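An overview of the molecular structure
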Amino acid sequence: MRSSIPNLLTLRGRGGSRASRGRGRAHPEAHDTTIQGTDTDAAVSRLSAVHCGYLTDPYAQFFVSAGGGPPTRRLPIINRGTYTRTTALDRLVDAFLDGGGQRQIVSLGAGTDTRVFKRFARGETEGLVYHELDFEIISQKKLRIVRGNPMLSRIMGEITVSEDATCWSSELGARGEYHCHGLDLRKLVDADESQVLIPGLRTDMPTLVVSECCLCYLATEQAAAVLAYFHKRIPSLGTVIYEPVLPHDAFGKVMTANLAARGISMPTLDSYPTPADQEKRLSEAGFVGAVKAMTVEEIWRKWVTDDEKARLDSLEGLDEVEEWELLAGHYVVAWGSKGLDVKAWNELLT
Ligand SMILES: C[S@@+](CC[C@H](N)C(=O)[O-])C[C@H]1O[C@@H](n2cnc3c(N)ncnc32)[C@H](O)[C@@H]1O
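No experiment lies behind these values; they were computed from the predicted model shown.

**Details of the nonpolar core**
Within the largest apolar cluster, 68 residues are counted, with the highest numbers of intra-cluster contacts made by Phe117, Phe120, Tyr178 and Trp345. Apart from residues lying up to four places away in sequence, phenylalanine 117 is in contact with Tyr59, Phe63, Lys142, Val146, Leu152, Ile155 and Met156. The next biggest cluster of nonpolar side chains, apart from the first, holds 28 residues, and it includes Leu197, Cys214, Leu227 and Phe230.

This is the structure:
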């Protein structure tokens, strides 16, 4: 097996930069900086998948520094992985929104994700309340990019920034409202009721909390406490989590070694090593409705139609079928709910 196994979360190549090596618990701030850097990896992967024809996303280009050359091209298995997880999450989000009535999305560690622009640009959102949470440095970067880009500015309309400058928002009329919070999620862990850490968060409407490779960077107890923060306050709640699994087989060991070489640890990987553990995690956190975890490999097989597979295969060909199955088998999308009618989620499984 190759020692430089690529992974869907961190793709700077073997060993990472010299500066990042050895970062870890002893230097929490340096560790945070490394974790913030994973957003760039995600943005570059998204743009690669768009550039190669897997995804349609006119906004992805604005979040990657051009540097004068063509966009970085990821390996075909990485592009396929980015496609599969992005479309799987889109599908779960669509199914949640199809439930009707006013709804709220909270994206944890949203980074420079473009889903929100696609959503609001379509104009079908009908009062959607959309929150994105990430470190302040990342939320400020997003604000700068949106303000400096006519296409994004048009979608987001008039932006207001909170007095303490940690949150920027946009009222989008009938389409809904958007809030981007500069917040270290670990502040939610011991939050008491009197603290307003997420201005604009509604507790009275069906809400979906999304963690697209974010909670995996927190200590397991902190990740659980973040989910509990929302579970305690919002009666009608769903969650969707995407993160790696299976750290103990040969592939998983190389995957975690590659992460460690960049100074990144993923505590939830050890705590919830299998898809079944991810389902148990959600049940134990009180998400007892429609609990399910599927690997990216399973989602590719079951959710991507034959026509779509043929289209994607024609883009660049993929010889490393075994490598794909290994890689995609090590990432999971898990979801669950409480107090929420998620008929549409159940239908996805039939
Ligand atoms: C791999 S990126 C994923 C970005 C985006 N969700 C996507 O899939 O494109 C992980 C994101 O989680 C954020 N993150 C990790 N730990 C966090 C914390 N404690 N508080 C806020 N954001 C955090 C990072 O800053 C980064 O933007």
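**Some points on the packing of helix H2 (residues 76–97) against helix H12 (residues 321–329)**
Taken N-terminus to C-terminus, the directions of H2 and H12 make an angle of 40°; their axes are 10 Å apart at the nearest point. The pairing of H2 with H12 is recorded here as oblique in orientation. In this structure, the crossing between H2 and H12 has a hand that is right-handed. Seen from H2, the contacting residues are Ile77, Ile78, Arg80, Gly81 and Thr84; seen from H12, they are Glu323, Trp324 and Leu327. Split by residue class, the contact of H2 with H12 holds four nonpolar, two polar and two charged.

**Observations regarding the confidence of the model for the protein**
Taken residue by residue, the protein gives an average pLDDT of 91. The fraction at 70 or more is 92%. Between residues 11–24, whose pLDDT stays under 50, and residues either more than four places distant or in other chains, the model counts 26 contacts. Interface predicted TM-score (ipTM) for the complex: 0.99; the corresponding pTM is 0.93.

Definitions and cut-offs
Residues numbered from 1 in each chain as written. Predicted model: local features only at pLDDT ≥ 70, side-chain atom pairs only at ≥ 80, totals over all residues. Heavy atoms only, no water. Core = buried A, V, L, I, M, F, W, Y, C linked by side-chain atoms within 4.5 Å. Buried < 20%, exposed > 50% of the residue type's maximum accessible area, 1.4 Å probe, protein only. Contact = heavy atoms within 4.5 Å. Axes fitted to C-alpha atoms, helices over the stretch in contact; angles between N-to-C directions. Helix = DSSP H or I, 4+ residues; strand = E, 2+ residues; numbered from the N terminus. Parallel < 35°, antiparallel > 145°, perpendicular 65-115°, else oblique. Left-handed = near helix turned anticlockwise from the far one by under 90°. Nonpolar A, V, L, I, M, F, W, Y, C, P; charged D, E, K, R; others polar. pLDDT = per-residue confidence, 0-100.

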